[in-house]
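Overview (structure and organization)
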Amino acid sequence: MRIHELSVDQALASLKSAPDGLTRAEVARRLAEYGPNRVEEVGREHLALRFAREFTHFFAMVLWLAAALAFIAEHFQPGEGMGRLGVAIVGVILINGLFSFWQEYRAERAVAALRRLLPLRVKAVRAGEVAQIDAEALVPGDIVLLDEGDAVPADCRVIEATGLRLNTATVTGESLPKARDSEPGAAESLLFARNVVLAGTSVVSGDGRAVVFATGMRTEFGRIAHLTQIAGETGSPLQREIARLSRLVATLACGVGVAFFVIGQALGLPFWENFLFAIGIIVANVPEGLAPTVTLSLAMATQRMARRNALVRHLPAVETLGSTTVICCDKTGTLTQNRMSVRRLWIAGEACSADDLAVRPDLRAAGQPLFIDAALCHNLRAAEGNDGVEPVGDPMERALAATGRLHAIGLDGWRRIAEVPFDSDRKRMSVLCDTPQGRALLCKGAPERVLAICDSALIDDRVVPLDGALRARLLQSQNAMADAGLRVLAFARRADAALADVPAGSAAALAAAECGLVFSGLVGLEDPPRPQVPQAITRCGEAGIRVIMVTGDHPHTAIAIGREIGLVKTAEPVVVVGDALRRMSATQLQLALDAPETLFARVAAEQKMLIVEALQKKGHIVAVTGDGVNDAPALKVADIGIAMGVAGTDVAKEAADLILLDDNFASIVDAIEEGRAVFDNIRKFLTYILTSNIPELIPYLAFVLFRIPLPLTIIQILAVDLGTDMLPALALGAEKPDPDVMRRPPRRRDERLLSWGLIARAYLFLGILEAAAAMAVFFLVLSAGGWHYGDMPAKTDPLYLRATTACLATIVVMQLVNLFLCRHATRSSLTTRFAANPMIWWGIGAELALIAFIVYTPPGNWLFGAAPLGGDIWLQALPFAAAMLLAEELRKAWVRRAPHAPNAGRESR
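Residues numbered from 1 in each chain as written. Predicted model: local features only at pLDDT ≥ 70, side-chain atom pairs only at ≥ 80, totals over all residues. Heavy atoms only, no water.

Side note on the overall build of the protein chain
Heads up, the condition is: Strands are runs of DSSP state E lasting at least two residues, helices are runs of H or I lasting at least four, and both sets are numbered from the N terminus onward. For this analysis, residues touch if any pair of their heavy atoms sits within 4.5 Å. Methods summary: accessible areas were calculated by the Shrake-Rupley approach with a probe of 1.4 Å, and residue burial reflects only the protein chains presented.
When its secondary structure is counted, the protein chain shows 34 helices and 26 strands. Across the protein chain, the fraction of contacts at a sequence separation of at least 24, relative to all contacts at a separation of at least 6, is 74%. Accessible surface for the protein chain amounts to roughly 35,900 Å². Of this, 60% is attributable to carbon and sulfur atoms.

Some remarks on the pairing of strand β19 (residues 487-494)
We apply this condition: Residue exposure (1.4 Å probe, protein chains only): buried if accessible area is under 20% of the type maximum, exposed if over 50%, otherwise partly exposed. Here, any two strands with at least 2 DSSP bridges between them count as paired.
Buried residues dominate β19, accounting for eight of its eight residues. By the alternation rule, side chains of β19 split into R487, L489, F491 and R493 and V488, A490, A492 and R494, which are all buried. Where strand β16 (residues 438-445) and β19 come together, five bridges link them in antiparallel fashion. Pairing of L442 across the sheet is with R493, part of β19. As paired elements, β19 and strand β20 (residues 517-526) share seven bridges and run antiparallel to each other. From the neighbouring strand, A492 faces β20, where its bridge partner is F519.

Focus: the sheet that holds strand β24 (residues 622-626)
Quick reminder of the rule: Axis definition: a line fit to C-alpha positions, over the contact stretch in the case of helices; interaxial angles, taken between N-to-C directions, run 0 to 180 degrees.
Read across the sheet, six strands follow the order β8-β26-β25-β24-β9-β21 without closing on themselves; strand pairing throughout is mixed. Both edges of this open sheet fall to β8 (310-312) and β21 (546-549), since each of them pairs with a single strand only. Going from strand to strand, the sheet's axes swing by 20° on average, the running direction of each strand aside. One ladder, built from three bridges, connects strand β25 (residues 640-644) with strand β26 (residues 658-660); its direction is parallel. Bridge pairing in β26 links M644 to L660.

Observations concerning empty space enclosed by the protein
Which entries qualify depends on this criterion: A cavity here means a set of 1 Å grid points, computed over protein atoms only, where a 1.4 Å probe fits but cannot escape. A pocket is an open set with protein on both sides within 12 Å along at least 5 of 7 lines, and lining residues have an atom within 4 Å of a point. Grid points are joined across faces, edges and corners, and a volume is the space filled by probe spheres set on the points. Under the convention adopted here, Pro, Cys and the residues Ala, Val, Leu, Ile, Met, Phe, Trp and Tyr are nonpolar, Asp, Glu, Lys and Arg are charged, and Gly plus all remaining residues are polar.
Here the structure, examined in full by the defined rule, presents nine cavities of 30 Å³ or more. The volume enclosed by the largest cavity comes to roughly 90 Å³. Taken together, eleven residues form the lining of the largest cavity, with R165, D394, M396, E397 and F422 sitting closest to its centre. When contributions to the lining of the largest cavity are tallied by element, the ones reaching two or more residues are α15 (395-407) and β16. The residue inventory of the lining of the largest cavity, partitioned by class, reads six nonpolar, one polar and four charged.

Overview of the packing of aromatic side chains
So the rule is basically this: By convention, a stacked pair of Phe, Tyr or Trp rings (six-membered ring in the case of Trp) has centres within 6.5 Å and planes under 30 degrees apart, an edge-to-face pair has planes over 60 apart, and any other such pair is tilted.
Throughout the structure, instances matching the rule amount to four aromatic pairs. With centroids separated by 5.9 Å and ring planes inclined at 35°, the aromatic side chains of F779 and W787 adopt a geometry described as tilted. Here F779 falls in the partly exposed class, since its relative accessible area comes to 27%.

Observations regarding the environment of L245
Position of L245 among the secondary structure elements: in helix α9 (residues 237-266). Between the alpha carbons of L245 and L753 there is a distance of 7.9 Å; along the sequence they are 508 residues apart.

A look at helix α34 (residues 871-897)
Because an α-helix packs 3.6 residues into every turn, residues spaced three or four apart end up facing the same way. The condition is simple: Here, expected helix span is obtained from the residue count minus one, scaled by 1.5 Å.
Taking 1.5 Å as the rise per residue, α34 with 27 residues should run 39 Å; its terminal C-alpha atoms sit 40 Å apart, in good agreement. All of the buried residues in α34 are I873, A877, A881, M884, E888, E889, R891, K892, A893 and V895. Check the buried side of α34 and you find it contacts α30 (756-784) and α31 (798-821).

Looking at the pairing of strand β23 (residues 598-601)
Side chains T598 and F600 project from β23 onto one buried face, and the interleaved L599 and A601 project onto a second face that is buried too. Pairing geometry for strand β22 (residues 574-577) and β23, over four bridges, is parallel. The partner of V577 across the bridge, within β23, is A601.

Let's talk about the nonpolar core
What counts, and what does not: The definition of a nonpolar core used throughout is a set of buried Ala, Val, Leu, Ile, Met, Phe, Trp, Tyr and Cys residues joined through side-chain atoms within 4.5 Å.
If you look at the biggest cluster of nonpolar residues, it comprises 69 residues, and the most contacted ones within it are M305, L321, I327, I642, L658 and F665. For this core, the element with the most residues is helix α26 (residues 665-691), which contributes 14 residues. Setting aside residues up to four positions removed in sequence, L321 forms contacts with M305, A623, I640, I642, L658, I668, A671 and I672. Core analysis: the second largest hydrophobic core is formed by 53 residues, I282, L697, F703 and A774 among them.

Looking at a nonpolar patch on the surface
Which entries qualify depends on this criterion: Residues form patches when they are more than 30% accessible in relative terms and have no salt bridge. Like charges link within 9 Å. Nonpolar side chains (Val, Leu, Ile, Met, Phe, Trp, Tyr) link within 5 Å. What makes a salt bridge here is a side-chain nitrogen of Lys or Arg within 4 Å of a carboxyl oxygen of Asp or Glu, nothing more.
A cluster of nonpolar residues, I263, L267, L705, F706 and Y789, forms a patch on the protein surface that exposes about 530 Å² of accessible area. Along the polypeptide, I263 turns up in helix α9.

So, the pattern of salt bridges
Scanning the model with the defined rule gives 32 salt bridges in all. A salt bridge links R2 to E5, with the shortest nitrogen-to-oxygen separation between them at 3.1 Å. Between D594 and K618 there is a salt bridge, and its shortest N-O distance comes to 2.4 Å. In this pair, D594 is assigned in the loop between α22 (586-592) and β23 and K618 in the loop between α23 (605-617) and β24, connecting sequence segments 24 residues apart. D594 gets classed as partly exposed once you look at its relative accessible area, which sits at 47%. Using a relative accessible area of 30% as the deciding quantity, one classes K618 as partly exposed.

A few points about the packing of α31 against α34
For clarity, the threshold we go by: Take the far helix as your reference; a near helix turned counterclockwise from it by less than a right angle gives a left-handed crossing, and one turned clockwise gives a right-handed crossing.
Viewed as axis vectors pointing N to C, α31 and α34 meet at an angle of 30°, and their least axial separation amounts to 9 Å. Of the two elements, α31 crosses α34, and the hand of that crossing is right-handed. For the pair formed by α31 and α34, the contact residues are R802, A806, A809, T810, V813, M814, V817, N818 and L821 on the first element and I873, W874, A877, L878, F880, A881, M884, L885, E888, E889 and K892 on the second. Tallied by class, residues from the contact of α31 with α34 come to 14 nonpolar, two polar and four charged.

Concerning the packing of α26 against α30
Selection criterion: For classification, angles of less than 35 degrees are called roughly parallel, those exceeding 145 degrees roughly antiparallel, those between 65 and 115 degrees roughly perpendicular, and all remaining angles oblique.
At a minimum axis distance of 8 Å, the contact between α26 and α30 shows a crossing angle of 40°. One element, α26, and the other, α30, form an angle in the oblique class. In this structure, α26 crosses over α30, and the sense of that crossing is right-handed. Between α26 and α30, the contacting residues are R683, L686, T687, L690 and T691 on the first element and L758, R761, A762, Y763, L766, G767 and E770 on the second. Across the contact of α26 with α30, the residue classes break down as six nonpolar, three polar and three charged.

Digging into the state of the cysteines
Two cysteines joined by a covalent bond between their sulfur atoms form a disulfide. Stated formally: By disulfide we mean two sulfur atoms from cysteines, separated by a distance within 2.5 Å.
For the coordinates displayed, the defined rule picks out zero disulfides. Just so you know, C454 is unpaired, no disulfide at all, and the nearest cysteine sulfur is the one on C443, 7.2 Å from it.

Overview of the environment of T625
We apply this condition: Side-chain atoms alone can form a polar contact between residues adjacent in sequence; in general such a contact is a pair of N or O atoms within 3.5 Å, and within protein one must be able to donate a hydrogen while the other accepts it.
Along the chain, the position of T625 falls in strand β24. Taking C-alpha positions, T625 is 7.0 Å from L635, a pair spaced ten residues apart along the chain. Discounting residues that sit within four places of it in the chain, T625 has contacts with I327, C328, C329, D330, T334, D631, L635, I642, M644 and I668. Separated by 3.1 Å, the side chain of T625 and the backbone nitrogen of D330 make a polar contact.

With respect to the confidence of the model for the protein chain
Cut-off, in case you're wondering: Values of pLDDT, ranging from 0 to 100, describe the predictor's confidence in every residue of the model.
Confidence in the prediction of the protein chain, expressed as mean pLDDT, is 82, and 85% of residues score 70 or more. Put simply, helix α6 (residues 109-117) is where the protein chain has its lowest mean pLDDT, 42, and α31 is where it has its highest, 95. A low-confidence stretch, residues 383-388 stays under pLDDT 50, and its non-local contacts, those more than four residues away or across chains, total six contacts. A low-confidence stretch, residues 901-905 stays under pLDDT 50, and its non-local contacts, those more than four residues away or across chains, total ten contacts.

A closer look at the side chain of E397
Structurally, E397 can be placed in helix α15. With a relative accessible area of 3%, E397 lands in the buried category. Excluding residues within four positions of it along the chain, E397 makes contact with R165, H378, N379, L380, M429 and K444.

Digging into unusual backbone geometry
Within the chain, K16 stands out as a residue other than glycine whose phi angle is a positive 50°. Counting through the fold element by element, K16 comes out in the loop between α1 (8-14) and α2 (24-34). A residue is classified by how much of its surface remains accessible, and K16, at 68% relative accessible area, is exposed. Here the phi dihedral of D460 falls at roughly 55°; this positive angle occurs in a residue that is not glycine. With respect to the secondary-structure elements, D460 resides in the loop between β17 (454-459) and β18 (462-465).

Structural notes on the environment of Q437
Summarising the element assignment, Q437 is placed in the loop between β15 (428-435) and β16. On the basis of relative accessibility, which here comes to 68%, the residue Q437 falls in the exposed class. For the pair Q437 and G413, spaced 24 residues apart in the sequence, the C-alpha separation amounts to 9.3 Å.

If you want it as structure tokens, here you go:
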């Protein structure tokens, strides 16, 4: 038999323990056998290996190859500048790796957060003596003492309890405190056994003794920690897309380089000249600035999101959130405020709102029994606050007690002397009070359970029999409150001489006296949704994002809250409870998720993971919100985990990718808007970066095929890719979200970052225009200096240096115009507000400053093989820039008139 099914004596015997605890010798033996009571860390890849991986991925290996070829060329043919090129390429690799590495370091942080949740010191009975010991020193069989406010240090079987109630939300997800006692139970799972207290939970009220039966990683808490550590990491869509893009472009670059090396050999080019050409082809086609530009763009997006109360812990999560198709959302503390408030009442036969009490003295007078019951029937404890003594405990009880104290008259002289705490089986609680008029039993709970022990009711200051007609009226009022999404509680009382025989402090005797009660009223409470949540749910719907509630709470509560916030609109939504989910196959779960409205209730940690994985198998990009330890595994395995910053546990925050600083579900929608803008912006600067690849590539093709001087050197290519293009590309990454970004569905999971439409626009249109301009200016400068076809000037020839510098300068001028063209795929550049993104001007300023440094300073001339240019050469580039502007504006006008223009904001055409 399982330990919660055993009696107290049987449980102690099974653990070879006793009420006086273990001897010190036995403790030492068991500590050696079972190990310390702590969460152990699963072995992780060494930090150094993770660091090294940033410099050995496929994209980096291509650049390493190019650097190695440059150093080899320098060795066999020194003085050609290849060594300097090799150093520059290595610098590129280092910059990319260092920018990316810091995203990877988080593996062991969730474990540290789990450890911080466990108490450091506990009270234990050993050899008949009570002692304070380290929590890590607990062993199975130890007897621990639990008091109000204590955190439970291990999984324990209760052997004594007095009004013991636990907050189990961090492990089971249930929002209401749960009563615990020492009686044997038949629960299917330890998570819901009423005589078991689990590590990581905390005592809300009462006290008790318990025997430890599981420590460390053997506890439910440790099992959740293990799931959190071993849950597979899933790369974000952006990470997968960048990896695919890197492989595609790098493979293309290497393939073209090798192909033209073979062509050059066939044409009889000298080996080292051909070798230089191959390296140039590779470097020209690999967008070296892509990785750092993406990284920095995401970093800037995180700053914008932080200003909107969304803190990003992992950069790729920014774009992932923007592509999310499903949000699996916890209820308590996420959709709701976790603050109960009284909304409706049934008093003396009349239903009313809480606001009516302020203007209806007759209702306040008729409701005095109900108000007294509400003011005293609770297990709140007093605590010192800023304004004196304040009640501390369950939010629902605080709301009821506050309403009762506000309206009750004559509470002086009432003193509680016994209590039967609320539990999920009885679904009611009772207190016994000494009053000036004698003893009174006050009871509250679920209406069906309270009505079952009532035989009369208070109607118009009279006690009347509780007949069938009156019960029907009560049920009608209860249903009306429930239909409004309220949690309904009933109150009843008994005051007669027989209560004098109930011993003070005897919960059992008080429970036996729960009969023949007088029904005093109904109260409907609401756990208010956050005010912004309904609008946020609506915006999610408009954006094509499905929201699924996944909670550890009761199914009826989930439905009620779902209706309140607009999440549930059908008469009968599909509700899947944890027990049913446990019996489902993977196929059945995926079929259940086909329903338009699906809610999950009473789920455990590993079940949340199953839900996430099932949605991912259906092709969804899944975001999960949560705040408790039970949410951590699902937060980690999801495409993006979203934790609550105020109410969330450290474990949830460490497992999450995004933290809501204000715990406001509406902030998720703002973050989604920013995330969608990130994907659009990445496409903008991807178009911008790839466009310059063509004017970098064409000079090498012309060099080989037409035997002309090389118009652009490899080091000048790097000047464009990692110099002049970098800040303007970042400026495109900082563009604000398009007004229509939240009025379109999420991008398809198979929608590529590098689409055929983007490739055609960058490579076959804008790139060709830029290449034509660069080559034209190059030949104009050569021709003006007396060059004739067939001449091959020396690399140090002033005319040649001026011509290559003119080619470079023309590319920069064309890219300045392209910066404005890439701000929107279809909207005219002339109608786009320039002031909307001040970084555009910073980017232009940096680009001009860098090209000025290259062209007009001796260090720039030496490093990049450049020479000063006259103003006439700059003027030669301007007509080409104007022509590209006109051609792109005509293309955009044509696209806007096309049938698919409503969706033209994307580059996917």
